[in-house]
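# Geometric and topological summary
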Amino acid sequence: MDYKKAGVDIEAGYKSVELMKEHVKRTMREEVLGGLGGFSGAFSLAKIREMEEPVLLSGTDGCGTKVKLAFILDKHDTIGIDAVAMCVNDIACAGGEPLFFLDYIACGKNYPEKIAAIVSGVAEGCVQSDCALIGGETAEHPGLMPEDDYDIAGFAVGVADKKDMITGAEIKAGDTLIGIASSGVHSNGFSLVRKVFTMDAETLNTYHEELGRTLGETLLEPTRIYVKALRSVKEAGVRVKGCSHITGGGFYENIPRMLPDGICAKVKKDSYQVPPIFKMLAREGEIAEEMMYNTFNMGIGMVLAVDPADVETTLKALEATGDKAWVIGQTVSGDKGVVLC
């Protein structure tokens, strides 16, 4: 008896590391010390000394049951982008810059090419967010997971000068709410999505005119990363008062997280065009409107609260990074929460 016969292939693990090295190299920053393969990732904090009062920010998350679609479609090179996005967007939401990222992949069996494809997506997410991929772990779990299954999670660390942090404390009645477009469903609500649509290759590979592509391509579209968008707004001289990453819980749970007591967010539903996938979900699943806005991002991945005088500058800064954005409402006095009108 040996480890391989027990279900863990150490040689496959070595091959996975070799295959992923080329992807990891794309994410390197000058602060990274050492290379891939050590027991820990090292990152120099020398540059942080330039800040008045540096604050470390962290985020950890996964992709939820969206990975099920990757299994069915046998497409594994984008799910890693989702894992990075869910972590770095939270850091950016607090006014921080992501510094480095680590991934954790648990699988029933280590197929080196599949693992390398997953990591290629992680690397792409890190490139999009200027974040270094400095380490990770791939763990085989024979007997615990089916051989073809895997799950991925990540952990990111970022930094912000305390004076630049976005806390929501400065929000007052009369501020403007700006919504930044999502790339689709992102990585939340897939347990409901999988109840609405039959999860098989035939259904997911069916082309839909209203979507302009197949259902699977639409649902597997990676989560939009907003790090560069928020950096552009900051560099334009705008002080973002509040920021909400619209993840699980949709508008109703996430927007209030950036609001101080006594402030309500009033959002106009007709201020932007809701993407077709959400209309299809509501129709096919017979999902009530309130539940849609309480589950999905509905086409808005990030909401910013800014002074009315900064609206034009903010929109131009977002346009410069290729992001679509709209004025979607304003803050008013009232109980902390969201009102859709």
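You'll find the structure just up there.
Residues numbered from 1 in each chain as written. Predicted model: local features only at pLDDT ≥ 70, side-chain atom pairs only at ≥ 80, totals over all residues. Heavy atoms only, no water.

### Quick word on the overall build of the protein chain
Note the following rule: The numbering of helices and of strands both runs from the N terminus, where a helix is a DSSP run of H or I of at least 4 residues and a strand a run of E of at least 2. The globule rule used here is 2.2 Å times the number of residues to the 0.38 power, and the radius of gyration it is set against is calculated over C-alpha atoms. Only protein chains enter the accessibility calculation, which uses a 1.4 Å probe; a residue is then buried when its area is under 20% of its type maximum, exposed when over 50%, and partly exposed in between. Every accessible area reported is derived by Shrake-Rupley at a probe size of 1.4 Å, with residue values counting cover from the shown protein chains alone. His is not counted here, nor are the chain ends, while Lys and Arg score as positive and Asp and Glu score as negative. A charged residue contributes its charge at one atom only: NZ of Lys, CZ of Arg, CG of Asp or CD of Glu.
A tally of helices and strands in the protein chain yields twelve helices and 14 strands. Here the C-alpha atoms of the protein chain give a radius of gyration of 21 Å, agreeing with the 20 Å that 2.2 N^0.38 yields for 341 residues. With the C-alpha coordinates of the protein chain rotated into their principal frame, the extents come out at 70 × 55 × 30 Å. Here the protein chain, with 341 residues, has 51% of them falling under the buried criterion. A total accessible area of about 15,600 Å² is found for the protein chain, and carbon and sulfur atoms account for 50% of it. On the protein chain, the mean spot of the 35 positive side-chain charges and the mean spot of the 50 negative ones are 2 Å from each other.

### Details of the environment of A160
With respect to the helices, strands and loops of the structure, A160 is situated in strand β6 (residues 150-161). Measuring from C-alpha to C-alpha, the distance between A160 and E30 comes to 18 Å, with 130 residues separating the pair along the chain.

### Focus on the nonpolar core
We count it as follows: Put simply, a nonpolar core is a bunch of buried Ala, Val, Leu, Ile, Met, Phe, Trp, Tyr and Cys residues held in one set by side-chain atoms that sit within 4.5 Å of each other.
Counting 51 residues, the largest nonpolar core has F101, Y150, I152, C243, M302 and L304 as the members making the most contacts within it. Among the nonpolar cores identified, the runner-up in size contains 40 residues, and L204, F251, V274 and I277 belong to it.

### Quick notes on the sheet that holds β6
Where we set the bar: When DSSP finds at least two bridges between two strands, those strands are taken to pair. Axes, fitted as lines to C-alpha atoms, cover a helix only where it is in contact. Angles between the N-to-C directions of the axes lie from 0 to 180 degrees.
As summarised here, the arrangement of the four strands in space is β3-β6-β4-β5, forming an open sheet in which the pairing is mixed. The open sheet is flanked by β3 (54-62) and β5 (132-140), the only strands paired with a single partner. Averaged over neighbouring strand pairs, the angle between their axes works out to 15 degrees when direction is ignored. Pairing of β3 with β6, which is carried by nine bridges, proceeds in the antiparallel orientation. Note on β6: the bridge partner recorded for S58 is V157.

### Here's the deal with the pattern of salt bridges
We apply this condition: For this document, the term salt bridge refers to a Lys or Arg side-chain nitrogen within 4 Å of an Asp or Glu carboxyl oxygen.
As enumerated under the stated definition, the model contains 21 salt bridges in all. With a shortest N-O distance of 3.5 Å, D164 and K234 are connected by a salt bridge. In this pair, D164 sits in the loop between β6 and β7 (176-181) while K234 sits in helix α8 (residues 227-235), placing the two residues 70 residues apart along the sequence. One network of salt bridges, with partners in common, ties together K172, D175, K241 and D307.

### Structural notes on the sheet that holds strand β14 (residues 337-340)
We apply this condition: Throughout, a residue-residue contact means that at least one pair of heavy atoms, one from each residue, lies within 4.5 Å.
Pairing within the open sheet is mixed, and its six strands lie in the order β10-β12-β7-β13-β11-β14. Here the strands that pair on one side only, and so sit at the sheet edges, are β10 (242-245) and β14. Neighbouring strand axes in the sheet, compared pairwise and without regard to direction, differ in orientation by 25 degrees on average. Examined bridge by bridge, strand β11 (residues 263-267) and β14 share four bridges and lie parallel to one another. For A265, the partnering residue across the bridge sits in β14 and is V338. Strands in contact with helix α3 (residues 79-93) are β10 and β12 (300-306); relative to β10, the strand with the most contacts, it is inclined by about 165 degrees. Packing against the sheet, helix α12 (residues 311-320) makes contact with β7, β12 and β13 (325-333), and its axis sits at approximately 10 degrees to β7.

### A short note on unusual backbone geometry
The phi dihedral of D74 falls on the positive side, at around 50 degrees, and the residue is not glycine. By relative accessible area, which is 57% here, D74 ends up exposed. The phi dihedral of H186 is positive, around 65 degrees, even though this residue is not glycine. Positionally, H186 belongs in the loop between β7 and α5 (190-196).

### Brief notes about α12
The condition that has to hold: The arc under discussion is defined with respect to the helix axis, by the directions toward the C-beta atoms.
V311, T314, A317 and L318 are the residues of α12 that are buried. The buried residues of α12 occupy an angular sector of 130 degrees when projected down its axis, which confines them to one face. Facing away from the buried side of α12 by over 90 degrees, the exposed positions are E312, K316, E319 and A320. Tucked inside the fold, the buried residues of α12 contact β7, α8, β12 and β13.

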